[in-house]
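# Fold and contact review
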Amino acid sequence: MTSVTDPPLSDTDLVTSAIPTAVVEEIARLRAENAALRETNAVLVARIAELERRLGLNSGNSGKPPSSDGLKKPPRTMSVRESSDKKPGGQPGHPGETLRQVANPDVILKHYPDNCPNCGSTLTPDMATTYGARQVFDLPEPQPLVVTEHRAYTCCCDQCGEATRAAFPAEVTAPVQYGARVAAFVVYLLNYQFIPEDRLADLLADLFG
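Position numbers for residues count from 1 along each chain, tracking the sequence in the order it is written. Thresholds applied to this predicted model are a pLDDT of at least 70 for local features of residues and 80 or more for the giving and counting of side-chain atom pairs; totals over whole chains, interfaces and linings are not thresholded and use all residues. Excluding hydrogens and water, the side-chain figures rest on all heavy atoms present in the structure.

## Overview of the packing of aromatic side chains
Ring pairs (aromatic) are described by centroid distance and by the angle formed between their planes. Applicable threshold: Planes of paired rings set the category: under 30 degrees apart is stacked, over 60 is edge-to-face and the rest tilted, where pairs are Phe, Tyr or Trp rings (Trp by its six-membered ring) whose centres lie within 6.5 Å. A run of H or I in DSSP becomes a helix once it reaches four residues, and a run of E becomes a strand once it reaches two; helices and strands are each numbered from the N terminus. Classification of residues uses two cut-offs on accessible area relative to the type maximum, computed with a 1.4 Å probe and protein chains only: under 20% is buried, over 50% is exposed, and between them is partly exposed.
Taken as a whole and judged by the stated rule, the model has two aromatic pairs. Ring centres of Phe 185 and Phe 208 lie 6.2 Å apart, and the angle between their planes is 80°; on these two criteria the pair is classed as edge-to-face. Of the two residues, Phe 185 sits in helix H3 (residues 180–192) while Phe 208 sits in helix H4 (residues 197–208), which places them 23 residues apart along the sequence. Classification of Phe 208 as partly exposed rests on a relative accessible area of 25%. Aromatic side chains Tyr 188 and Tyr 192 sit 5.5 Å apart centroid to centroid with 15° between the ring planes, which places their arrangement in the stacked category. Placement of both Tyr 188 and Tyr 192 in helix H3 is noted, with a separation of four residues, approximately one turn of the helix. Residue classification places Tyr 188 among the partly exposed residues on the basis of a relative accessible area of 41%. Assessed through its relative accessible area of 58%, Tyr 192 is described here as exposed.

Quick look at the structure:
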């Protein structure tokens, strides 16, 4: 008969078999606890990183308004452009962009000197020989709205006596109304410039009465 023998035990088996069961269970518990602590630590590290990121946000690196910076305003970023020996402003030869005088101004105001600085004699416009001109571009002075009255007359036919009244323009639909230019101006300020209705009403009253 062939004898059957158990396979030889490995070094790990020999060590494990020598450790009491209570000790093995304690080691397993400690390993599980250690794994849980590692997981908790990873969560806390990520949380700290997020809080530090939020603390570092300001109006320069996020969408926060400048007023939220408080006393800890970020320093202004220095320009990365290299310094130059040229003076600031337009350089010689650069074509300027400015207002140019027009040939036919809308209003001409004439100014004449009153007295001769040499002898004190009175000067009159008839003594003018030449002039210098300066032009000012400005908005026209606000005026009350222009009121246009449409009158649709009724005519009586000489032949048959039929009375016929003229039709009002298609855009004139009420006894009193605002015109198309006022409506376009109001729509522009209200829907494009987002001026509140109350302020828009005050603006129209101040400018046009």
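Still more ground to cover, so stick around.
## Describing the pattern of salt bridges
For clarity, the threshold we go by: By definition here, a salt bridge exists when the distance from a side-chain nitrogen of Lys or Arg to a carboxyl oxygen of Asp or Glu is within 4 Å.
Tallied over the full model, the rule gives three salt bridges. Residues Glu 26 and Arg 29 are paired through a salt bridge, measuring 2.4 Å at the closest nitrogen-oxygen approach. Here Glu 26 pairs with Arg 29, and both are found in helix H2 (residues 21–55), just three residues apart, close to one helical turn. Among the residues examined, Glu 26 registers a relative accessible area of 35% and is labelled partly exposed. Here Arg 29 falls in the partly exposed class, since its relative accessible area comes to 42%. Linking Glu 149 and Arg 151 is a salt bridge whose minimum nitrogen-to-oxygen distance equals 2.4 Å. A single network of salt bridges, built from pairs that share partners, joins Glu 26, Arg 29 and Glu 33.

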